[in-house]
Amino acid sequence: MPTAEQHGFRPHTDGPIVPVQTRSERFRSVNVDDFAQVTGREHEWKLSPVATFADLTGGELDGSRLEIETSDAAGVEVSWIGRGDARIGRAGIPEERAAANAWSSFDEALLIAVSGEDEKVVAVTRSGLGATPRAAHTIIEAAPNSRGLVVLRGIGDARLSENVEIIVGEGALLTVVALQEWNDDAVHLASHFARLDRDAFLKHIVVSLGGKVVRVNPSTHLAEQGSDIEALGLYFADAGQHLEQQVFVHHDAPHTRSRVTYKGALQGQGARTVWIGDVLIGNAAVGTDSYEQNRNLVLTDGTRADSVPNLEIETGDIAGAGHASATGRFDDEQLFYLMARGIREDEARRLVVRGFLLEIVQKIGSPDLEERLTAAIEAELLGS
Amino acid sequence: MSVLEIKNLHVNVETDQGTREILRGVDLVINEGEIHAVMGPNGSGKSTLAYTIAGHPKYHVVQGEILLDGENVLAMSVDARARAGLFLAMQYPVEIPGVTITNFLRTAKTAIDGEAPAIRGWVKDVRESMSALKMDSAFAERNVNEGFSGGEKKRNEILQLELLKPKFAVLDETDSGLDVDALKIVSEGVNRAKANTGLGILLITHYTRILRYITPDFVHVFVAGRIAEQGGPELADRLEDEGYDRYLEPAAK
């Protein structure tokens, strides 16, 4: 288990404890009109550049089918389903206006259904979304005891608000990779809702590299006994880029487990990242084992990383619960040290960033994707 | 035969109080296979000499030359100096987040040799050097200097010295903060490196203690940015008895 002292990082201080509203008591609705217009003062928006996406929170969204490209895989069915389908709303419903706006606006939902016990990989790429504000709804459903890895990727231009529901059946082992490689001007707001059945395991990975504003907020409901989430995140913010993730794990059944690990690098003037990690251990969740951590690596001046872990515990009978958050910087003395050993400057930076982010990349479990992401991270480094 | 020449070196450093002249005309010639001890009181410019040779950007050379086999070292970048065969064992090695010792050593070795080391021989070399320096094999998977004790950091510097095989090494107060056991282990490492590669060594120290384990061929006493006296190993013995007061008094007058 990495400790706060690792990476030469300065641990965060808890500071004065400010009681937060119990996460489970937050208002929820699928109807956009149930939410007031977003001002930026709301706790879920206060760290976001809300003025840059007022069209997504307050305007009308185009809810027609997105352009998608899907790789073929045996045991994975990709189809469009109507708004009335019983699966819609099973994993969770919106807690804020952008998500509710998308929910109110989509015409059909994209269903990615995974079945069969063999390991399989499917990649669904969304591209060419253009400059029109759009809404999307996706359901990823893993049948009981099925296994699979689903990549949901975004490239090109986009102004997109979307909801992604992830339904993980009993004993299923599912990996979902949300991969944001949008163009520089893209804005993408996403809420992911996962519901895990008994003894189900979900590995959920958010990788945000491209886009002007990217906010991916995954919520996981550990609804049944023995369910297990490994939530991973990797982000690399360049100059002027805002990358945000608000992670929520709700332990709601006995002997559930969660591990949340998000790592980010920041480089360039105005590079901004936000990580909020809420863990709620409900009174039914005896024997919970939970740990969440966020680490940020600052590569240049002029960046800002917000990192806010929150832990609420409603039962006294847990196996373990902890959190860690730290932000460290790669500075000139470190660069001098590496260069004094013959390593060129660009390679020294690459060495440090790759080492730092590789921990997440290596956990994806798809060699092709791991290799491609390593290359994408190196391209980010060169892009400065 | 390699030679490192320092000629009339004048070095300034920028401080909050303005520009300060630290080195005021240093001349030093180190031949391959020689050990030169540079001794002196705090603030005499010993570490400035070390960092200037390595090329730290904080130090500005205003006059003079550093030549490695006739090549102008001052025109080289920090990494180019290392590739040319210079090595600085740092007094305060920094932590490198996200980079394991294994990864770091392989990357550095590849950079210096211009090609990746043959994997089998390299792994064996690393293991043997670590073992000789009494470093647990678990070190290899730790991030560079992260959470290392003072003694572990210094051993890690000597590990790099042994593996990177420079022509000349500057050891900047490698002995400071070490207990006697660690001092012996580190000294043995330096002696082993010299026996194996015949490198030249510039050993910078405040104390004579390390000279019991590493025998210098020459001793230079550094005072106020210049060499005030030089001699053989017997000069170190005299410093042990008398300290630096003899050199400081005239400056105080």
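In this text the structure is predicted, and so the values were computed from the model without any measurement.

Asks: Would you take a moment to explain the overall build of chain A for this structure?
Replies: Within chain A, the secondary structure is distributed over five helices and 19 strands. Compactness check: chain A gives a C-alpha radius of gyration of 20 Å against a globular reference of 21 Å for 384 residues, within 12% of the reference. Dimensions along the principal axes, computed over C-alpha positions, put chain A at roughly 65 × 50 × 45 Å. Taken across its 384 residues, chain A has 58% of its residues classed as buried. In chain A, once contacts between residues fewer than 6 apart in sequence are set aside, the share between residues at least 24 apart is 87%. With the model as given, the accessible surface of chain A reaches about 14,600 Å², and the carbon-plus-sulfur share is 46%. If the 36 positive side-chain charges of chain A are averaged to one point and the 58 negative ones to another, these points end up 3 Å apart.

Asks: Where do I start with the packing of aromatic side chains in this structure?
Replies: What characterises a pair of aromatic rings is the spacing of the ring centres plus the angle enclosed by the ring planes. Taken as a whole and judged by the stated rule, the model has seven aromatic pairs over all chains. With centroids separated by 5.3 Å and ring planes inclined at 70 degrees, the aromatic side chains of Phe27 of chain A and Phe35 of chain A adopt a geometry described as edge-to-face. The class of Phe35 of chain A is buried, set by a relative accessible area of 11%. Aromatic side chains Trp45 of chain A and Phe53 of chain A sit 5.6 Å apart centroid to centroid with 50 degrees between the ring planes, which places their arrangement in the tilted category. Phe53 of chain A shares its class with Trp45 of chain A; the two are buried. Site record: aromatic cluster; members linked through ring pairs are Phe336 of chain A together with Tyr51 and Tyr59 of chain B. Lying across the ring of Phe106 of chain A, Arg83 of chain A places its NZ or CZ 4.4 Å from the centre.

Asks: How do you make sense of unusual backbone geometry when you look at a structure like this?
Replies: Outside of glycine, negative phi angles account for most residues, and trans bonds account for most peptide bonds. Residues and elements named next belong to chain B. In this structure, Asn145 is a non-glycine residue whose phi angle is positive, near 65 degrees. Secondary-structure assignment places Asn145 in the loop between α4 (119-132) and α5 (150-164). Taking relative accessible area as the criterion, Asn145 reaches 0% and is therefore assigned buried. Although it is not a glycine, Ala224 adopts a positive phi angle of roughly 50 degrees. Along the chain, the position of Ala224 falls in the loop between β9 (218-223) and β10 (226-231).

Asks: Just checking my understanding: could you explain the side chain of Asn217 of chain A for this structure?
Replies: Residues and elements named next belong to chain A. Position of Asn217 relative to the elements: it lies in strand β12 (residues 213-222). Since its relative accessible area comes to 8%, Asn217 is described here as buried. A distance of 2.9 Å separates a polar atom in the side chain of Asn217 from the backbone nitrogen of Gln246. For Asn217, the residues in contact, after removing those within four places along its chain, are Ala190, Ser191, His192, Gln245 and Gln246.

Asks: Sorry, what's going on with the interface of chain A and chain B here?
Replies: For an interface, size is often stated in terms of accessible area lost upon the parts coming together. Contact with chain A, which involves 21 residues of that partner, is made by 34 residues of chain B. Where chain A abuts chain B, roughly 2,300 Å² becomes buried across the two surfaces, and 66% of that area is made up of carbon and sulfur atoms. Taken together, the links from chain A to chain B amount to one salt bridge. Across the salt bridge formed by Arg341 of chain A and Glu157 of chain B, the nearest N and O atoms sit 2.6 Å from each other. Taken together, the links from chain A to chain B amount to nine residue pairs in polar contact (both at pLDDT 80 or more). For the side of chain A that touches chain B, the elements supplying multiple residues, two or more each, are α3 (332-339) and α4 (345-361) of chain A. The element contributing the most residues to the side of chain A that touches chain B is α3 of chain A, with six residues. Residue composition of the side of chain A that touches chain B, grouped by class: 11 nonpolar, six polar and four charged.

Cut-off values and rules
Residues numbered from 1 in each chain as written. Chains lettered and ligands numbered in written order. Predicted model: local features only at pLDDT ≥ 70, side-chain atom pairs only at ≥ 80, totals over all residues. Heavy atoms only, no water. Helix = DSSP H or I, 4+ residues; strand = E, 2+ residues; numbered from the N terminus. Rg over C-alpha atoms; globule rule 2.2 N^0.38 Å. Buried < 20%, exposed > 50% of the residue type's maximum accessible area, 1.4 Å probe, protein only. Contact = heavy atoms within 4.5 Å. Areas by Shrake-Rupley, 256 points an atom, 1.4 Å probe, with all protein chains shown as cover. Lys, Arg positive; Asp, Glu negative; His and termini not counted. Charge placed at Lys NZ, Arg CZ, Asp CG, Glu CD. Phe/Tyr/Trp six-rings, centres within 6.5 Å; stacked < 30°, edge-to-face > 60°. Lys NZ or Arg CZ within 6 Å of the ring centre and 35° of its normal. Polar contact = N/O pair within 3.5 Å; in protein donor to acceptor, adjacent residues only side chain to side chain. Buried area = accessible area lost by both parts, 1.4 Å probe. Salt bridge = Lys/Arg side-chain N within 4 Å of Asp/Glu carboxyl O. Nonpolar A, V, L, I, M, F, W, Y, C, P; charged D, E, K, R; others polar.

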